[in-house]
Amino acid sequence: MQPALPPVIARRLWQVLAAGGLVATVLYALFPDSLISTVSFLVLGIATVTACFLGPRRWGAEPPTAWLLMGAGALTFLIGVLIRPSVTEQDMPWPLVADVFSFTGYMLLGIFLAMLLRQRSSLDRHAVLDGLIVTLAAGVTTTLLLALPAAATTGRPALLSLIQGTYPLFDVIILLLIVNLTFTAKSWPLSLTALTCTMLMLFAGDFAYAIAGVGGKIYTDPIYNVPFLLAYTALGVAALHPSVVEMSRAAKAPVQEWGWQRLALLAPALILPFALLLSDRSSGTGARLLIAVTGALIAGLLLFRASSAVQAQVAAQLRSEHQATHDPLTSLPNRVSISAEIERLVTVVDPDGHDRVWVYMLDLDGFKWVNDSWGHDTGDQLVIEVGRRLRAAVAGSVPVARVGGDEFLLAYVGEKGGALHLVDDIRGCFARPFLVRDTEVVITASIGISHAAGDAARAAVTAEALMRDADTAMYRAKGEGPGRSTIFDTSMHDQVRERIELELALRQALAEDQLHVHYQPIVRLETGVPVGAEALVRWMHPERGAIPPMTFIPIAEDAGLIGSIGTWVRKEALRQLGVWRSEGIVGDDFYLSINVSPRQLSEPELPLIISGEMLRYGVPAHCVALEMTESVMVDGSSVTSRVLFELRELGVKLLVDDFGTGFSALGYLRRFPVTGVKIDRSFVIGLGVNVEDDEIVRAVVAMSHALGLGVIAEGVETPLQRDALYAVGVVNCQGWLWGAAVPAHEFAERWRQPAIAEPEMPAIASVYGRHRRTE
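Let me begin by describing the structure that accompanies this report. (Residues numbered from 1 in each chain as written. Predicted model: local features only at pLDDT ≥ 70, side-chain atom pairs only at ≥ 80, totals over all residues. Heavy atoms only, no water.)

**Re the overall build of the chain**
Along the chain, the regular secondary structure elements total 28 helices and 18 strands. A buried classification covers 49% of the 775 residues belonging to the chain. Put simply, of all contacts in the chain between residues at least 6 apart along the chain, 74% involve residues at least 24 apart. In the form shown here, the chain has an accessible surface area of approximately 36,500 Å², with 61% of it arising from carbon and sulfur atoms. (Helix = DSSP H or I, 4+ residues; strand = E, 2+ residues; numbered from the N terminus. Buried < 20%, exposed > 50% of the residue type's maximum accessible area, 1.4 Å probe, protein only. Contact = heavy atoms within 4.5 Å. Areas by Shrake-Rupley, 256 points an atom, 1.4 Å probe, with all protein chains shown as cover.)

**A short note on the nonpolar core**
In terms of nonpolar packing, the biggest core is built from 83 residues, with Y519, W539, W580, L601, L626 and L725 touching the most fellow members. If one sorts the elements of this core by residue count, helix 19 (residues 562–583) sits on top with seven residues. With near-sequence residues (within four places) excluded, L601 lies in contact with V596, L606, M628, V632, V639, T640, V643, L644 and L647. Core analysis: the next-biggest nonpolar cluster, separate from the first, contains 58 residues, A24, L78, A238 and L301 among them. (Core = buried A, V, L, I, M, F, W, Y, C linked by side-chain atoms within 4.5 Å.)

**With respect to the environment of F112**
You can see F112 is positioned in helix 5 (residues 94–120). Remark: the alpha-carbon pair of F112 and G73, spanning 39 residues in sequence, is separated by 8.9 Å. Not counting the four nearest positions on each side in its chain, F112 is found in contact with A66, W67, M70 and L195.

**Concerning unusual backbone geometry**
Between E62 and P63 the backbone carries a cis peptide bond, its omega angle lying at -10 degrees. As for its placement among the helices and strands, P63 is situated in the loop between helix 3 (35–59) and helix 4 (64–87). At S331, a position not held by glycine, the phi torsion is positive, near 65 degrees. Tracing the chain through its elements places S331 in the loop between helix 11 (285–325) and helix 12 (335–348).

**Topic: helix 15 (residues 416–428)**
For helix 15, spanning 13 residues, the distance from its first C-alpha to its last is 19 Å, which sits close to the expected 18 Å at 1.5 Å a residue. The inward-facing, buried residues of helix 15 contact strand 1 (356–365), helix 14 (376–393), strand 3 (407–414), strand 6 (444–452) and strand 7 (485–487). (Expected span 1.5 Å × (residues − 1).)

**So, the pattern of salt bridges**
Under the criterion given, the structure shown has 18 salt bridges. With its nearest N and O atoms 3.0 Å apart, the salt bridge here joins R402 to D327. Taken as a pair, R402 in strand 2 (residues 400–402) and D327 in the loop between helix 11 and helix 12 lie far apart in primary sequence, 75 residues in all. Under the relative-accessibility criterion, R402 is labelled buried at 13%. Residue classification places D327 among the buried residues on the basis of a relative accessible area of 9%. Measuring nitrogen to oxygen at the nearest pair gives 2.7 Å for the salt bridge that ties R344 to E341. A residue pair is termed a helical-turn pair when its members lie 3 or 4 positions apart in one helix, as R344 and E341 do in helix 12 at three residues. Here E341 falls in the partly exposed class, since its relative accessible area comes to 24%. (Salt bridge = Lys/Arg side-chain N within 4 Å of Asp/Glu carboxyl O.)

**Focus on the packing of helix 3 against helix 4**
Two elements in contact, helix 3 and helix 4, have axes separated by 8 Å at closest approach and are oriented at 170 degrees. Classed by the angle they form, the pair helix 3 and helix 4 counts as roughly antiparallel. Note on element contacts: helix 4 touches helix 3 through W67, L68, M70, G71, A72, A74, L75, L78, V81 and L82, opposite F41, L42, G45, I46, V49, C52, F53 and P56. (Axes fitted to C-alpha atoms, helices over the stretch in contact; angles between N-to-C directions. Parallel < 35°, antiparallel > 145°, perpendicular 65-115°, else oblique.)

**Thoughts on the packing of helix 4 against helix 5**
Relative to each other, helix 4 and helix 5 sit at 160 degrees, their axes nearing to 8 Å. When the axis of helix 4 is compared with that of helix 5, the two are roughly antiparallel. As for the relative orientation of helix 4 and helix 5, their crossing is left-handed in sense. Considered class by class, the residues forming the contact of helix 4 with helix 5 number 20 nonpolar, seven polar and two charged. (Left-handed = near helix turned anticlockwise from the far one by under 90°. Nonpolar A, V, L, I, M, F, W, Y, C, P; charged D, E, K, R; others polar.)

In short, geometric facts, not functional conclusions.
This is the structure:
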């Protein structure tokens, strides 16, 4: 739970702490050994500890435990610094109390930095090597100049001298961690910069105390604590600034380069051990041996680092080339790679021989349904498994590539018999279910095939044409049904060109009002009077004339125009219904049935939009019915489900169109708030002639009535079909028997009087011993 602090104030707290820390530091320096200095240090320390506990939590920094440990470390450091003046002159073991708190702070600080490195995945080999070089140089320097002299100081307990000599070594360990943290950062957010300043100030304070320790003193002057106040200030800024969240995010470069910042640390580190030979601290044999060993280690690390950098650069180059030519999900070659391979095959195949280059484009049927039903993670696993099966099913000489979300491409060189045999091998990959995340998924693939003879002179053009033609053939195969394969022929080019031209014309039609809404009556069988109408879109092209919906609706779906068309049809239909109601052309219960696409039903704002449109045109909710396909219920996401329930809460009717042709199941009808079904025309055609069709329709009607759903039959064209529907209990129908869909003015002229004079219907009618519902 985040603290309830306004974001504007929370983002400025680091500035408040920075200013307060500087003020506390100045007061401490101006009034040493006074109550003011003690209070300043205490207030700043408590503020910083509080910042470590609350700041990272407020911004969601990871890992949260690390910052809690850092806060605890800052608290123990604070206690150690504040009590040191009081316990230094006491008898043993009291002087050790301050060291216990300081040592604890060092350990918590080291754990904090290690946790940050682990969270960032920043323990990089090159950074560790560079850090070891710097650490070895700093370690031998502090050991010879500070640690050993401090440990050898006489006139105080040996244990106390030994402890004072370990502080520089603690700094060396912390230095290794902070160097790794900074060396693996591609950017320097303010929090990282502030944390680095914290460490530098800590080193400065410890260095000052170490110099005093060489002279035999544990504590000399409060001014030595000024770097620690600056360190607390910087730590508080690091914890409170919003960029604290970036410190735990991996940001290392693939190859750790020797930039100028890194060389600024490495160059002195390489020189220091040898410069120590010139100091009086290296006069002893042991000191010279230590310098020699350290120098040799540094030289060895430098050579290993250089060799490792070259190897890493080569590996990074190979990895970059692999990523450029392979799919990251399946590790199969990508479009760039397979295109180059097909071009090579076209070059090497003898143009006068029997062999040809064959290209296969595969598209998974129902892949969108898998994604929508089980999620994209399951879809990705399915793609990976398909890639594995394809690669295992074909010979190693046949390249297999992933060229799209659910598209794969294969290339083969040989005669037609071998090419067709490969199609069987590909289909065999889909013969058994795919086990994905403990779920068995059954899918098929549509396959488009193209082929060409070898042509070294035009290899690039031929390769591109093969891939394009295979793609065209795949779409033809997909149009014929799932699991089909088609070999490309030149007539498909004309069809593709026609489709492209129609798509462009459809976009223009939508912009230039070439679309119109026609209305087909939905009548009550007992009276032949319309109780409603279905709004159907029509396209009158200025040159081509009327273009059937079965031609342009699939194009609109593929081109992403179905949403715009559906919105326009809905608005126009509601507007027209509002006009008819105001002019008394239709009764108060007359409704319009409007088609909605799955894409529209996936828009969370749809209920609110429709509610506003009904209010705008003065149409009550019970006069609006929305028709959807069965696939909406099967593929429906949680968003679609919520949209359907919200639409029903408005009072809108929800009808399942073309019922019986898709994934019909009682479970779907019970799970979603549908109010009725429309029996598809394919079942109506055989009524009165085909006994099986009679029984299917009878079963659908009985099931629907049992679930409390209304039933409408579509495609009624003959009196025989009408009578058969009436006999099985269907109340409402639509079809050419009562007229085709017509423009609004024709519909109004034909049905004005019947709609107004609609007689009262009996509640129940008995036909052949069966009961009929009033819809």
